[in-house]
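# Observations on the three-dimensional arrangement
What follows is each chain in one-letter form.
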Amino acid sequence: MGCTNWHRAGDEQPLWLKAMRAHFDDVPLIIDAGLGAPSHAALAMEMGFDAVLLNTAVAKAGDPVMMAKAFAQALVAGQLAYEAGPILPNDMAAPSTPVLGKAVF
């Protein structure tokens, strides 16, 4: 099992964490610190990480119970997105809806 700190990656964290996941594709990886928002947890799961450990983000929230629920839902959403296989980002927009023979306004 490998662990990493979310903030350790700095400004390049998504690229750094994606590279780590790609290099260690058969090792369970856990983000063990530094998550500050549920969106961070969702992104970690979307990138294929196996789990996150939480404390401060929940413990110091204005409503810790609500924040814990938010993290739980974000983790489920991120895992579902990873399993669904999101489309890859493009440099330019590409239409996915057929437009041939359709009126354009």
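A brief look at the structure comes next. (Residues numbered from 1 in each chain as written. Predicted model: local features only at pLDDT ≥ 70, side-chain atom pairs only at ≥ 80, totals over all residues. Heavy atoms only, no water.)

### Re the overall build of the protein chain
As a reminder of what qualifies: Starting at the N terminus, helices and strands are each numbered in turn, a helix being any DSSP run of H or I of at least four residues and a strand any DSSP run of E of at least two. For every residue, the accessible area obtained with a 1.4 Å probe (protein chains only) is divided by the maximum for its type, and the residue is called buried under 20%, exposed over 50%, and partly exposed between those limits. Contacts: residue pairs with any heavy atoms within 4.5 Å of one another. The protein chains shown are the only cover counted for residues, whose accessible areas, like all others here, come from Shrake-Rupley with a 1.4 Å probe.
Counting secondary structure elements, the protein chain contains 4 helices and 3 strands. From first element to last, N terminus to C terminus, the protein chain shows the α and β order β-α-β-α-β-α-α. Classification of the 105 residues of the protein chain by burial places 27% in the buried group. Look at the contacts in the protein chain between residues 6 or more apart in sequence, and 57% of them connect residues 24 or more apart. On the protein chain, roughly 7500 Å² of surface is accessible, and the fraction owed to carbon and sulfur atoms is 62%.

### Some points on the nonpolar core
We count it as follows: To qualify as a nonpolar core, a set must consist of buried Ala, Val, Leu, Ile, Met, Phe, Trp, Tyr and Cys residues joined through side-chain atoms within 4.5 Å.
Among the nonpolar cores identified, the biggest contains 13 residues, and Leu17, Ile31, Leu35, Ala44, Phe49, Val52 and Phe71 are the most heavily contacted of them. Those elements that place two or more of their residues in this core are α1 (13–23), β2 (29–33), α2 (38–46) and α3 (56–59).

### A closer look at helix α4 (residues 64–84)
The periodicity of an α-helix, 3.6 residues per turn, causes residues three or four places apart in sequence to face the same way. Our working definition: Here a helix's expected span is defined as the number of its residues, less one, multiplied by 1.5 Å. The arc under discussion is defined with respect to the helix axis, by the directions toward the C-beta atoms.
In this model α4 runs 30 Å from its N-terminal to its C-terminal C-alpha over 21 residues, within 8% of the 30 Å that 1.5 Å per residue would give. Three or more residues of α4 are buried, namely Phe71, Ala74 and Gly78. One side of α4 holds all its buried residues, which, seen down the axis, span an arc of 65 degrees. Among the exposed residues of α4, those oriented more than 90 degrees off its buried face are Val65, Met66, Lys69, Gln73, Leu80, Glu83 and Ala84. Taken together, the buried residues of α4 touch α2 and α3. Within two residues after α4, Gly85 carries a phi angle of roughly 75 degrees, on the positive side.

### Comments concerning the layout of surface pockets
Operational definition: The method works on a 1 Å grid over the protein atoms by themselves. A cavity is a set of points holding a 1.4 Å probe that cannot get out, a pocket is an open set with protein on both sides within 12 Å along at least five of seven lines, and residues with an atom within 4 Å of a point line them. Grid points are joined across faces, edges and corners, and a volume is the space filled by probe spheres set on the points. For this classification, the nonpolar set comprises Ala, Val, Leu, Ile, Met, Phe, Trp, Tyr, Cys and Pro, the charged set comprises Asp, Glu, Lys and Arg, and every other residue, Gly included, is treated as polar.
Each pocket or cavity is described by its volume, and for the largest pocket that value is around 220 Å³. Lining the largest pocket are Lys18, Leu43, Glu46, Met47, Tyr82, Pro86, Ile87, Leu88 and Pro89. Residue classes in the lining of the largest pocket are distributed as 7 nonpolar, no polar and 2 charged.

### Structural notes on α2
For α2, the set of buried residues is Pro38, Ala41, Ala42, Ala44 and Met45. Buried residues in α2, looked at end-on, bunch into an arc of 160 degrees, giving them a common side. One or two steps after α2, the chain reaches Gly48, where phi turns positive at roughly 100 degrees.

Honestly, that's just the spatial picture; any functional story needs more than this.
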